[in-house]
Amino acid sequence: DDAIALNGIAALTSTRQVLSSLLSPPVKFASLHDFLKHFQGLQLTGDDGKLAQIRTAASQFDVLLRMFDEKACSPGLAACYTLRKFMRGSDGRGEPSLAIDATVTGPAAAAAIGSYHWSAAEPEIHLRYEDGPRAVLLSFAQLMDLRSRLLLAEIPAEMEIDMPALIEQFIAQLAALHEIDQHLSHLVESGHLAYQQHEVTFAASIDPALLREEAVHLEAELRNWKQVVHDARRQQYFLNFFSIHELLGMVALLDRCTAAASETPLAAAAAAGPTVAGADQ
């Protein structure tokens with residue numbers, strides 16, 4: 001986009017110089033006839049450079065208008081462009097997602113639209129999307145700031161068809177994602193074994209109802225896990241002498257010891273079963 005913009009601006013500048021006597025005459029034209037007469041008298045044939053610049057300006061004018069709209073606009077309008085970009089793709093035609101997928105990661109997760117991501121290694125919801133050749137990452141705090149700007153934005157007429165619905169969907173998504181973020185973080189902190197390496201990705205166009213279902217499921221998981229930990233500490237009092245992180249370290253250590261023991265010659269012989277002579281005895 002930067003290269004296109006520079007090329008288009010250079011072509012517009014050159015075209016303005018060619019048409020300067022027409023656009024900014026020293027004396028105003030007395031009539032439309034005089035204007036057309038002067039216009040027809042402009043000498044452009046035979047100068048391939050000027051003609052090429054005019055053709056470039058004409059072909060890239062729409063692109064420049066779009067870029068100027070996006071870059072040189074109010075914070076509210078810029079937020080609208082950003083929202084439409086990661087929820088509908090760069091062409092604004094992305095289809096809403098109707099399913100939740102806890103396994104999609106990598107480039108496929110953000111091919112045409114953005115994706116919300118959470119992992120135990122980075123325990124905070126964030127958004128990833130592609131803006132041309134540039135990869136953009138927005139933290140949850142930045143998403144909340146985007147929400148505030150959208151609520152105060154004056155939506156232009158050309159966006160009134162779909163933008164209010166997109167804003168409503170985005171706000172509902174953030175409310176559910178906040179709950180999901182809290183539940184997942186608490187599951188990791190409380191030592192749930194199934195969530196220590198957990199990661200999940202949601203399409204940015206996902207139905208908020210599906211996110212709410214996931215939040216309810218995680219809340220139930222957290223409630224059940226807390227009950228399991230409570231019962232275990234009551235039945236096995238020695239567990240109270242260790243923090244949850246120390247217990248997780250013991251589990252990992254036991255797993256390594258078990259794996260190492262299974263590789264010893266004695267363990268291999270036991271796994272192979274008795275020999276024929278041993279069976280006779």
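**A look at the packing of aromatic side chains**
1) Next: Evaluated as defined, the whole model comprises two aromatic pairs.
2) Next: With centroids separated by 5.7 Å and ring planes inclined at 45°, the aromatic side chains of Phe 86 and Tyr 129 adopt a geometry described as tilted. Pair noted here: Phe 86 is in helix H5 (residues 75–88) and Tyr 129 is in strand S2 (residues 126–131), with a separation of 43 residues, a long-range link.
3) Next: Judged by its relative accessible area of 0%, Phe 86 falls in the buried class.

**Side note on the confidence of the model for the protein chain**
1) Next: With 58% of its residues at a pLDDT of 70 or more, the protein chain has an overall mean of 74.
2) Next: Note on residues 90–112: pLDDT under 50 across the span, and 33 contacts to partners over four residues away in sequence or across chains.

**Remarks on the sheet that holds strand S4 (residues 199–203)**
1) Next: Strand order in the open sheet formed by four strands is S3-S2-S1-S4, and the pairing between neighbours is antiparallel. Edge positions in the sheet fall to strand S3 (134–139) and S4, since each of these pairs with one other strand and no more. Each adjacent strand pair in this sheet contributes to an overall mean axis angle of 25°, direction not counted.
2) Next: Alignment of strand S1 (residues 115–119) against S2, held across three bridges, turns out to be antiparallel. The residue of S2 that forms the bridge with His 117 is His 126.

**Side note on the nonpolar core**
1) Next: Grouped together as the largest cluster of nonpolar side chains are 39 residues, with contacts concentrated most on Leu 83, Phe 86, Tyr 116 and Phe 170.
2) Next: Where this core is concerned, the elements lending two or more residues are H5, S1, S2, S3, helix H6 (140–151), helix H7 (163–189), S4 and helix H8 (208–235).
3) Next: Broken down by element, the residue count for this core peaks at eleven residues, all from H7.
4) Next: Setting aside residues no more than four positions away along its own chain, Phe 86 makes contact with Ile 113, Gly 114, Tyr 116, Leu 127, Tyr 129, Leu 146, Phe 170 and Ala 204.

What counts, and at which threshold
Residues numbered from 1 in each chain as written. Predicted model: local features only at pLDDT ≥ 70, side-chain atom pairs only at ≥ 80, totals over all residues. Heavy atoms only, no water. Phe/Tyr/Trp six-rings, centres within 6.5 Å; stacked < 30°, edge-to-face > 60°. Helix = DSSP H or I, 4+ residues; strand = E, 2+ residues; numbered from the N terminus. Buried < 20%, exposed > 50% of the residue type's maximum accessible area, 1.4 Å probe, protein only. pLDDT = per-residue confidence, 0-100. Contact = heavy atoms within 4.5 Å. Pairing = 2+ DSSP bridges. Axes fitted to C-alpha atoms, helices over the stretch in contact; angles between N-to-C directions. Core = buried A, V, L, I, M, F, W, Y, C linked by side-chain atoms within 4.5 Å.

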